[in-house]
Amino acid sequence: MDVSYILDELNDAQRDAVTADSPGTLVLAGAGSGKTRVLVHRIAWKIKVEGLSTHSIMAVTFTNKAAKEMRGRIESLLGSSLNHGMWVGTFHGLAHRLLKAHAQEAGLPNNFQILDSDDQLRQLKRIHRELALDDSRWPPRQSQYFINGHKDEGRRAAHIDDFGGDLYLTTMLKVYRRYEEICRQQGVIDFAELLLRALELWRDNPAILDHYQQRFKHVLVDEFQDTNAVQYAWLRLLASKGMAMTAVGDDDQSIYGWRGARIENIQQFSKDIENTHVVRLEQNYRSTATILKAANALIANNSQRLGKELWTEDGDGDKISLFAAFNEQDEARFLTDRIAELVRDDYRRSDIGVLYRSNAQSRILEEYLIRAGLPYRIYGGQRFYDRLEIKNALAYMRIVELRDDDTAIERVINTPTRGIGTRTVEILREYAREHQTSLWRAALAIIENGLLPARAGNALRGFLALVEDLAEQCRDKPLDEQINIAIDRSGLLAFHEKEKGEKGQARVENLHELITAAAAFEPEDEDIEPLRAFLDRAALDAGDQQADEHEDSVQLMTLHSAKGLEFPAVFIVGVEENLFPHKMSMEDPERLEEERRLAYVGITRAEQKLFLSYAESRRLHGQESFNSLSRFVREIPNELIDEVRINNTVSRPSSYAQSGVTTSQQASAAAMGIALGQRVLHSIFGAGVVLSFEGQGASARVQVNFEDEGSKWLVLQYANLQLL
DNA sequence: AGTGTAAATTTTTTT
DNA sequence: AATTTACACT
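The structure displayed is predicted, hence computed values, not measured ones.

About the thresholds
Residues numbered from 1 in each chain as written. Chains lettered and ligands numbered in written order. Predicted model: local features only at pLDDT ≥ 70, side-chain atom pairs only at ≥ 80, totals over all residues. Heavy atoms only, no water. Helix = DSSP H or I, 4+ residues; strand = E, 2+ residues; numbered from the N terminus. Buried < 20%, exposed > 50% of the residue type's maximum accessible area, 1.4 Å probe, protein only. Polar contact = N/O pair within 3.5 Å; in protein donor to acceptor, adjacent residues only side chain to side chain. Near = heavy atom within 4 Å. Nonpolar A, V, L, I, M, F, W, Y, C, P; charged D, E, K, R; others polar. UniProt positions renumbered as here; feature names shortened; annotations may be inferred. Contact = heavy atoms within 4.5 Å. Expected span 1.5 Å × (residues − 1). Pairing = 2+ DSSP bridges. Right-handed = clockwise from strand over helix to strand, strands pointing away. Phe/Tyr/Trp six-rings, centres within 6.5 Å; stacked < 30°, edge-to-face > 60°. Lys NZ or Arg CZ within 6 Å of the ring centre and 35° of its normal.

### With respect to the environment of Asp252
In step 1: Turning to its location among the elements, Asp252 is positioned in the loop between strand S7 (244–249) and helix H12 (264–272).
In step 2: Judged by its relative accessible area of 1%, Asp252 is buried.
In step 3: Once the C-alpha coordinates of Asp252 and Tyr600 are considered, the two residues, 348 residues apart in sequence, prove to be 7.6 Å apart.
In step 4: Of the polar contacts made by the side chain of Asp252, one reaches the side chain of Arg305; its length is 2.7 Å.

Structure below.
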């Protein structure tokens, strides 16, 4: 059989990675070095040359998008469809599949539901209220962070030592325990629980583990640097009987430390598996030499690296553009102007990626893009299935599916309003807590025993009847019909139609979109009831971005969601201290290094052109701030950068007027060379930024926000400030 | 019980 | 700035 097509067009290192026949293979793949290609070709090699069955291969990725792409590329390389024999999916997706197959052994009801992070937070808020915790002293977010953090490390409440009654720990543990109890009662599991349960399932049921150990002969893991402790332990269990494993990763692209990812797993891998074959892929096929030089120089500032340097046979190409905008509007204008120029130069809009550190930055960019008539598409951000109206609609379906789902009940019991007020819900909660049961069962019992005033009782009975009616009506109907019935009968549609303004209209449209999505929904697994499969998909899948998918449009996204993508032209906006690196990450050296890796990821997305921009003054969350150029840009060698500042001659924006500084004051400040946002150096306090200004002549004072000392008012005459 | 308005709170990244 | 929460009013 001719299998040369599998190895053709691969370089030596890639070929080595594809054909390696060792128990452990570790591929350290730099950005743009053909990582996915190696994975896909390696799978083809295992099947076509080594004769493994598709049934015995498992491939794990981190995003649904990556899983889908991998499946597609394998199919097109092999020229045949993969069906369900091969397990390709995300850790969460595969864990979910596993738990559904063995729900009983995993201690879950057959129809367990997934609790997403938003619902998880709501649940925790309720627990805090129940435990009478003051939200300002004990923010629910902190509990969420605590619980997820420990779950990611494989620790349940019972495993955590409270160190003899430490108040913080005992409180957090109280919440954690109560949370576990409630989840168990309702038959719901959160994201971290999905992974932890899957691990425990194998650990505690040797027969089941053995079955999968027999079945899988080879497991391949993409983005290995992003695995957390539980995921790694899960893989180790599976591979403990000498099954072969391939891990592909890049320590320089580890950007999910905050989610429990452990870069160390890469090193651990070669320690744990004997005779690990290590392959380095350093030749880059994506970017110009200039872009790679910048990326290499930047990442060299990180201390803990396995070491790796990208190179290319390509030429230098264009320099990297750096634009200093006055403010975020100026930046947005620069962006749209340049994009328009690129489009004029025959770039397709979809060839252009716009990356930013945080989602909040996209709004202003969108505004300018719309004004310029440039179609765009946003990845990530508010996901379709996370929208309020969609979650409400799905909540009805979830209750139909599983009556005990308290989160869903709380969400829609009075949405749209139907006379069930806070007091009534309060009574339900109390009853449920006392009798250790769900809200649904509590409601049934309360009505049975006539524990409510007539009016509230009627309203509640109405809700229960509605749900039963929905369940009745939906039986044996097609999925889209079911959802249509639910949003109609529940009054949800009418509720949003009545809502005034564009918002209500958008919500109605989204609800229709949901019906369309339901009609188009094709379950991956025929055996599962469509509604169940649809709800699972809604929880686990980002909802592959709706609408306009085929129009040629500029691609907007956070740096995190850009990982794995590439564009001929890339804009990274907001390269400012405090924003990127984010101020939350500046104190801790490890987190700062993660920010640097994020910058590395961003830069290496670019094929030909890279534009960086920053704003000297930026209004974010209603507050004006003055940030200096990001240290990451300063870490790029000067000769690679071309500083452009098109609007150089335009007068400074109105930051003077806003702060109430008069023209004459401006004049005297200007005479000293001091402008708002100007960076200055003080002999004692160090470096800082001018925030405000008042008075003239001898009484002139400036307010400076010092990096180390905070903000201070100084008499200009004596301050002896040096301009930076 | 429901509705509207004022006050308070929150702003990193996501399966 | 925008969203959630608290509170007063109908």
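### Remarks on the protein's contact with DNA strand B
In step 1: Looking at DNA strand B, there are 27 residues lining it, with Arg357, Arg383, Gly419, Arg591 and His621 nearest.
In step 2: Taking Asn414, its side chain carries an N or O atom lying 3.3 Å from a phosphate oxygen of DNA strand B.
In step 3: Gly421 is positioned such that a nitrogen or oxygen atom in its backbone is 2.9 Å from a phosphate oxygen of DNA strand B.
In step 4: For the surface near DNA strand B, the per-class residue count stands at five nonpolar, 15 polar and seven charged.

### As for the UniProt feature "binding site: ATP" (unreviewed entry) in chain A
In step 1: Per the UniProt record, "binding site: ATP" (unreviewed entry) is found at Ala29, Gly30, Ala31, Gly32, Ser33, Gly34, Lys35 and Thr36.
In step 2: Tracing the backbone shows Gly30 in the loop between strand S1 (24–29) and helix H3 (35–48).
In step 3: Leave out the neighbours within four places in its chain, and Gly30 touches Asp250, Gln253, Leu281, Lys308 and Leu310.
In step 4: Tracing the chain through its elements places Ser33 in the loop between S1 and H3.
In step 5: Setting aside residues up to four positions removed in sequence, Ser33 forms contacts with Gln14, Leu281, Gln283 and Tyr285.

### What to know about the protein's contact with DNA strand C
In step 1: In the vicinity of DNA strand C, the contacting residues are Lys125, Arg363, Arg619 and Gly622.
In step 2: Within the side chain of Lys125, a nitrogen or oxygen atom sits 3.2 Å from a phosphate oxygen of DNA strand C.
In step 3: Interatomic distance of 2.8 Å between a side-chain N/O atom of Arg619 and a phosphate oxygen of DNA strand C.
In step 4: For the surface near DNA strand C, the class distribution of residues is no nonpolar, one polar and three charged.

### Focus on helix H8 (residues 167–186)
In step 1: Taking 1.5 Å as the rise per residue, H8 with 20 residues should run 28 Å; its terminal C-alpha atoms sit 29 Å apart, in good agreement.
In step 2: The complete set of buried residues in H8 reads Leu169, Thr171, Met172, Leu173, Val175, Tyr176, Arg178, Tyr179, Ile182, Cys183 and Gln186.
In step 3: Considering only its buried residues, H8 is in contact with strand S4 (113–115), helix H6 (117–130), helix H7 (140–152), strand S5 (188–190), helix H17 (406–412) and helix H18 (422–434).
In step 4: With a side-chain oxygen positioned 3.2 Å from the backbone nitrogen of Tyr168, the residue opening H8 is Asp166.

### What about the pairing of S7?
In step 1: Among the six residues in S7, six count as buried, and that is most of the element.
In step 2: Burial of the side chains of S7 extends over both faces: Ala244, Thr246 and Val248 are buried on one face and Met245, Ala247 and Gly249 on the other.
In step 3: As defined by bridge partners, S1 adjoins S7 across five bridges and the pair is classed as parallel. Paired with Leu28 across the two strands is Gly249, which belongs to S7.
In step 4: When strand S6 (residues 218–221) meets S7, the two strands line up parallel, connected through four bridges. Paired with His218 across the bridge in S7 is Ala244.
In step 5: The parallel pair S6 and S7, bridged by helix H11 (residues 229–238), forms a crossover whose chirality is right-handed.

### Quick notes on the packing of aromatic side chains
In step 1: This structure, assessed with the given rule, holds 18 aromatic pairs.
In step 2: Between Trp202 and Tyr212 the ring centres are 5.8 Å apart and the planes differ by 45 degrees, which places this aromatic pair in the tilted class. Taken together, the residues span a long stretch of sequence, with Trp202 in helix H9 (residues 191–204) and Tyr212 in helix H10 (residues 206–215) at a distance of ten residues.
In step 3: Residue Trp202 is classed as buried on the basis of its relative accessible area of 1%.
In step 4: The class for Tyr212 is buried, based on a relative accessible area of 5%.
In step 5: Note on Tyr212 and Phe216: the rings are 6.2 Å apart at their centroids and 15 degrees apart in plane angle, and the pair reads as stacked. There is no split in this pair, since Tyr212 and Phe216 are both buried.
In step 6: Following the ring pairs from residue to residue traces out a cluster consisting of Phe62, Trp87, Phe91, Trp202, Tyr212, Phe216 and Trp234.
In step 7: The ring of Tyr256 carries Arg259 above its face, with NZ or CZ at 4.5 Å from the centroid.
In step 8: The ring of Phe112 has Arg532 sitting right over it, with the charged end atom 5.2 Å from the ring centre.

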